[in-house]
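Structure at a glance
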Amino acid sequence: NNSIEVIIEKLSTYYNDSIIQIRQKAYYLTYKRAIIDANKNLAVSTLLNGCSDKEGLIVGQNIEYLKNFQLENFNEQAVKYINSKLSNHRVPHYSGFVQLAGFVNTGKDILFQKMLENSISPKLKWKIALALARMGDVEQLKFCMSKIKELPVNDSFVSSLFPDLIYIRQKESIDYCISVVNSNEKLCNSLNPDLSEKIVCGFRALEMLAPIIIDAPFVVDESGFLKT
């Protein structure tokens, strides 16, 4: 069993390989080893370096990997790097960097300025609002929650807006998630194609809530499905 340090050293030449798939695989192997290694900071720095890759596919992949680490895995240099990506909203996967910025609590001033720019799409403005809400901005939290509560709870809500509520990580957003879980209204469709009857939405909601609640009485397996 090689440590993450040894793995990264062995893969160092492959991060810069001319073939996209090889670079992609090198970062994938780094991520897979890092999630079971104690020293995650080095892996986070390596994956962030890959976010400067000229291939957007690799940037997007690495951002998704980075979302699965803990806040303490991002050192000061990593936070500065994420902050540096916020000035130009035309960089590949900008909304992903916005999400990371909200996670590590950086770039508030830049994001506020971006919200005022006419060239920013409504979809991106929403991502910025979510990041600011996560960082504790009261107005943006109020804005996000009001928009979300206007919409009916159904399959689309659970798949697209529930992740946003969980990302915000504020008491108001998590309380609303729990209210959906506790609802007995049958507003969602079963994933079982043979079952036409509507079901409560709480089951799928629990799958997203389980990983973020300490000492939750329910857990998910490696595939993200509830163990029940």
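Residues numbered from 1 in each chain as written. Predicted model: local features only at pLDDT ≥ 70, side-chain atom pairs only at ≥ 80, totals over all residues. Heavy atoms only, no water.

1. Considering the overall build of the chain
When its secondary structure is counted, the chain shows twelve helices and two strands. Ordered by position from N to C terminus, the α and β elements of the chain give α-α-α-α-α-α-α-α-α-α-α-β-β-α. Over its C-alpha atoms the chain spans a radius of gyration of 19 Å, differing by no more than 12% from the 17 Å that the globule rule assigns to 228 residues. Each principal axis of the C-alpha distribution contributes one length, and for the chain these read about 55 × 45 × 30 Å. In the chain, which comprises 228 residues, the proportion classed as buried is 44%. By sequence separation, contacts in the chain at least 24 residues apart represent 53% of the contacts at least 6 residues apart. For the chain, the exposed surface amounts to about 12900 Å²; the carbon and sulfur share of it is 52%. Put simply, the chain has 26 plus and 25 minus side-chain charges, and the middle of one group is 4 Å from the middle of the other. (Helix = DSSP H or I, 4+ residues; strand = E, 2+ residues; numbered from the N terminus. Rg over C-alpha atoms; globule rule 2.2 N^0.38 Å. Buried < 20%, exposed > 50% of the residue type's maximum accessible area, 1.4 Å probe, protein only. Contact = heavy atoms within 4.5 Å. Areas by Shrake-Rupley, 256 points an atom, 1.4 Å probe, with all protein chains shown as cover. Lys, Arg positive; Asp, Glu negative; His and termini not counted. Charge placed at Lys NZ, Arg CZ, Asp CG, Glu CD.)

2. What to know about the packing of helix 9 (residues 138-149) against helix 11 (residues 171-182)
Helix 11 packs onto helix 9 with a crossing angle of 20 degrees between their chain directions and a minimal axis gap of 10 Å. In terms of orientation, helix 9 and helix 11 fall into the roughly parallel class. Our pair here, helix 9 against helix 11, has a crossing hand that is right-handed. Here Leu141, Met145, Ile148 and Lys149 of helix 9 lie close against helix 11, whose contacting residues are Glu172, Ser173 and Tyr176. Split into classes, the residues belonging to the contact of helix 9 with helix 11 amount to four nonpolar, one polar and two charged. (Axes fitted to C-alpha atoms, helices over the stretch in contact; angles between N-to-C directions. Parallel < 35°, antiparallel > 145°, perpendicular 65-115°, else oblique. Left-handed = near helix turned anticlockwise from the far one by under 90°. Nonpolar A, V, L, I, M, F, W, Y, C, P; charged D, E, K, R; others polar.)

3. Section: helix 3 (residues 40-49)
Taken residue by residue, helix 3 has Lys40, Ala43, Val44, Thr46, Leu47 and Leu48 as its buried positions. Its buried side turned inward, helix 3 meets helix 1 (4-11), helix 2 (20-34), helix 4 (56-66) and helix 5 (76-84).

4. Topic: the side chain of Thr30
Along the chain, Thr30 turns up in helix 2. Aside from chain neighbours lying at most four places away, what touches Thr30 is Ile4, Ile8, Leu11, Tyr15, Ala43 and Thr46.

5. Quick notes on the packing of helix 2 against helix 4
With their axes 10 Å apart at the nearest point, helix 2 and helix 4 run at an angle of 5 degrees to one another. It follows from the interaxial angle that helix 2 and helix 4 lie roughly parallel. Residues Ile20, Arg23, Gln24, Tyr27, Tyr28 and Tyr31 of helix 2 form the contact with helix 4, whose participating residues are Leu57, Ile58, Gln61, Asn62 and Tyr65. Residue composition of the contact of helix 2 with helix 4, by class: seven nonpolar, three polar and one charged.

6. Focus on the nonpolar core
Judged by nonpolar contacts, the single largest core of 66 residues is most densely connected at Phe74, Leu111 and Phe162. Setting aside its immediate chain neighbours within four residues, Phe74 contacts Val44, Leu66, Phe69, Val79, Ile82, Phe103 and Val104. (Core = buried A, V, L, I, M, F, W, Y, C linked by side-chain atoms within 4.5 Å.)

7. Observations regarding the side chain of Thr106
In this structure, Thr106 sits in the loop between helix 6 (94-104) and helix 7 (108-115). A polar contact of 3.1 Å, which involves the side chain of Thr106, links it to the side chain of Asn83. (Polar contact = N/O pair within 3.5 Å; in protein donor to acceptor, adjacent residues only side chain to side chain.)

8. Some remarks on the state of the cysteines
By definition, a disulfide links the sulfur atoms of two cysteines through a covalent bond. Per the counting criterion, the structure on display carries one disulfide. Residue Cys188 pairs covalently with Cys201 via a disulfide, S to S 2.0 Å. As the torsion about the S-S bond is roughly 100 degrees, the Cys188-Cys201 disulfide counts as right-handed. A residue pair is termed long-range when its members are at least 10 positions apart, and Cys188 in strand 1 (residues 186-189) and Cys201 in the loop between strand 2 (198-200) and helix 12 (202-209) qualify at 13 residues. Looking at Cys188, the relative accessible area reads 1%, which means it is buried. Sulfur of Cys144: no disulfide; nearest cysteine sulfur belongs to Cys177 and is 13 Å away. The buried category is assigned to Cys144, whose relative accessible area is 0%. (Disulfide = S-S within 2.5 Å.)

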